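# Structure at a glance
Single-letter residue listing:
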Amino acid sequence: MSSTTDPGLKTWIKCGKDTHFPIQNLPYGVFQPKDGGSPRVGVAIGEYVLDLSDLERRGYVSASGKGAASGSDFGADSFMGVLGTGTDQVVFDRPSLNDFMASGPEVWSQTRQAVSALLTGDDPRLKEDREFQAAALYRQEEVELLLPVEVADYTDFYSSKYHAVNVGTIMRGADNALMPNYVHLPIAYHGRAGSIVVSGTPVRRPMGQTKKDEDPAPGFGASRLMDFELEVGCLIGAPSEQGSPVGVPEAPRHIFGMVLVNDWSARDIQKWEYQPLGPFNAKNFATSISPWVVPLEALLPFRCGGPKQDPEPLPYLRSTAPWAVDINLEVWLQGQEMDQPHRICSTNYKHMYWNICQQVAHHTVGGCNLRTGDLLASGTVSGPEPDSYGSMLELAWRGTKPLKLPGGGERKFLEDGDTVILTGWCQGKGYRVGFGECRGTVLPARG
Ligand code: CA
């Protein structure tokens, strides 16, 4: 375990017991002070944001790794030579994390070590300098959180077998639920990067073409069956070369961190359009991600074994290391008629049949390259229990078992004005490495 994830670490900054952002987390985001200034990169700590552009100007962090402590869980190899980041380039006074993400795992680790040392007081320069604190620390309510990454390409996997069986049963019947390829390869489709938005952005119900089974011809109108999908996404930092597959063992060196993802879905549009090439307008109108990117290094202590894979995957997909991750995930729903959000799903990311290293290996095996800023989402995270399903389609079983809400309301799918809140955290002993939340409110269709 690297020193930055040690459960015994303490910060001199006040952190609530239930905070998602203890010293062991240190997630990256992009923020803009509400009282002015340009967007820049920060790290969340308790209720505060530490401005890394300020630290960079002082020379306390650097993409060249200068002035930072050393040590990494990723081994001694460095991407710095490959990427030519051995100079004093500015990466934190930027409106996205991309330049920092491109600098590779050695620089990520060194930066994390330096930030951790300033926040524990091992490096006393911030703890003992009130002026420095006033310049570099913001309360989270003083800033606006922006989309953290300029997303390059967006791929959405389908890696929960529970979800695949549920949706297959609903769409095609129990006998045809799981396609024969499912247990041999991580299924995915290429999504739309340009319509990815940050948590808090309202999402408009899409218009589109739909056809019920009994209708003789399709019609056009507002989607009636709007849904959410609870997912976790990997963000690619270090790119790979076209034509050079990234194997399962090398995959972690390319993954910068993870975010919560809501893959908003219009089920009626999806049902009519999805064969034979998969989803298109049912998914491309909006996808929401959380503003904080939890570094892969912060998640390493929470790796665990995943479901047994039977049959054994082909050699290029074999994974000997335990690369499932124990992330508790919840979905909360608040309708306009409700006083507070109500939890409608509680599940865990460790249920995924295919892990992130297998996803990367399969994605690149034919020669497809990874780019800095690529988002590889997991697919809907569903578990074995009915309250662990990660979409309304499954929770209300295509409307046949409406969800009961406090106050007497019920839902088959999402209604206008509904706010969906995803949250997630890894449970340590006495602390949580959390993702914060990813929220969005459904706006009426533009009719
Ligand atoms: Ca999805």
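Residues numbered from 1 in each chain as written. Predicted model: local features only at pLDDT ≥ 70, side-chain atom pairs only at ≥ 80, totals over all residues. Heavy atoms only, no water.

### Remarks on the coordination of the calcium ion
Coordination of the calcium ion by the protein is provided by Asp 156 (OD), Glu 229 (OE), Glu 231 (OE) and Asp 263 (OD), with metal-donor distances spanning 2.2 to 2.3 Å. Each donor residue of the calcium ion lies on one chain, and together they are spaced D-x72-E-x1-E-x31-D. Highlighted residues: Glu 229 in the loop between strand 12 (226-227) and strand 13 (230-236) and Asp 263 in the loop between strand 14 (255-262) and strand 15 (265-266), separated in sequence by 34 residues. Exposure class is identical for Glu 229 and Asp 263. Each is buried. (Donors = N, O, S within 2.8 Å, 3.2 Å for Na, K, Ca; no water. Helix = DSSP H or I, 4+ residues; strand = E, 2+ residues; numbered from the N terminus. Buried < 20%, exposed > 50% of the residue type's maximum accessible area, 1.4 Å probe, protein only.)

### Digging into unusual backbone geometry
Backbone torsion omega between Gln 275 and Pro 276 reads 5°, so that peptide bond is classified as cis. Along the polypeptide, Pro 276 turns up in the loop between helix 7 (267-273) and strand 16 (287-289). Between Asp 310 and the following residue, Pro 311, the backbone shows a cis peptide bond with an omega angle of 10°. With respect to the helices and strands, Pro 311 occurs in the loop between strand 18 (303-304) and strand 19 (324-325). Located in the positive-phi region is Arg 398, a residue other than glycine, with phi close to 50°. Counting through the fold element by element, Arg 398 comes out in the loop between helix 10 (392-395) and strand 23 (403-404).

### Quick word on the environment of Glu 142
Tracing the backbone through its elements, the reader meets Glu 142 in the loop between strand 4 (137-139) and strand 5 (143-146). As for Glu 142 and Phe 21, which are separated by 121 residues in sequence, their C-alpha atoms are 17 Å apart.

### What to know about the domain arrangement of the protein
By the assigned domains, the protein splits into domain 1 (3-146) and domain 2 (154-443). If you average the C-alpha positions of domain 1 and of domain 2, the two centres end up 29 Å apart. Taken together, the contact between domain 1 and domain 2 spans 36 residues of the former and 32 residues of the latter. Each partner contributes to the roughly 2,800 Å² buried at the junction of domain 1 and domain 2, and carbon and sulfur atoms together form 68% of this total. Taken together, domain 1 and domain 2 are joined by zero salt bridges. The tally of links between domain 1 and domain 2 comes to five residue pairs in polar contact (both at pLDDT 80 or more). Of all the secondary structure elements, the ones that give two or more residues to the side of domain 1 that touches domain 2 are strand 1 (28-33), strand 2 (40-45), helix 3 (98-101), helix 4 (105-120) and strand 5. If you tally residues by element for the side of domain 1 that touches domain 2, the top one is helix 4, at four residues. Split by residue class, the side of domain 1 that touches domain 2 holds 20 nonpolar, 13 polar and three charged. (Domains from an automatic or database assignment. Contact = heavy atoms within 4.5 Å. Buried area = accessible area lost by both parts, 1.4 Å probe. Salt bridge = Lys/Arg side-chain N within 4 Å of Asp/Glu carboxyl O. Polar contact = N/O pair within 3.5 Å; in protein donor to acceptor, adjacent residues only side chain to side chain. Nonpolar A, V, L, I, M, F, W, Y, C, P; charged D, E, K, R; others polar.)

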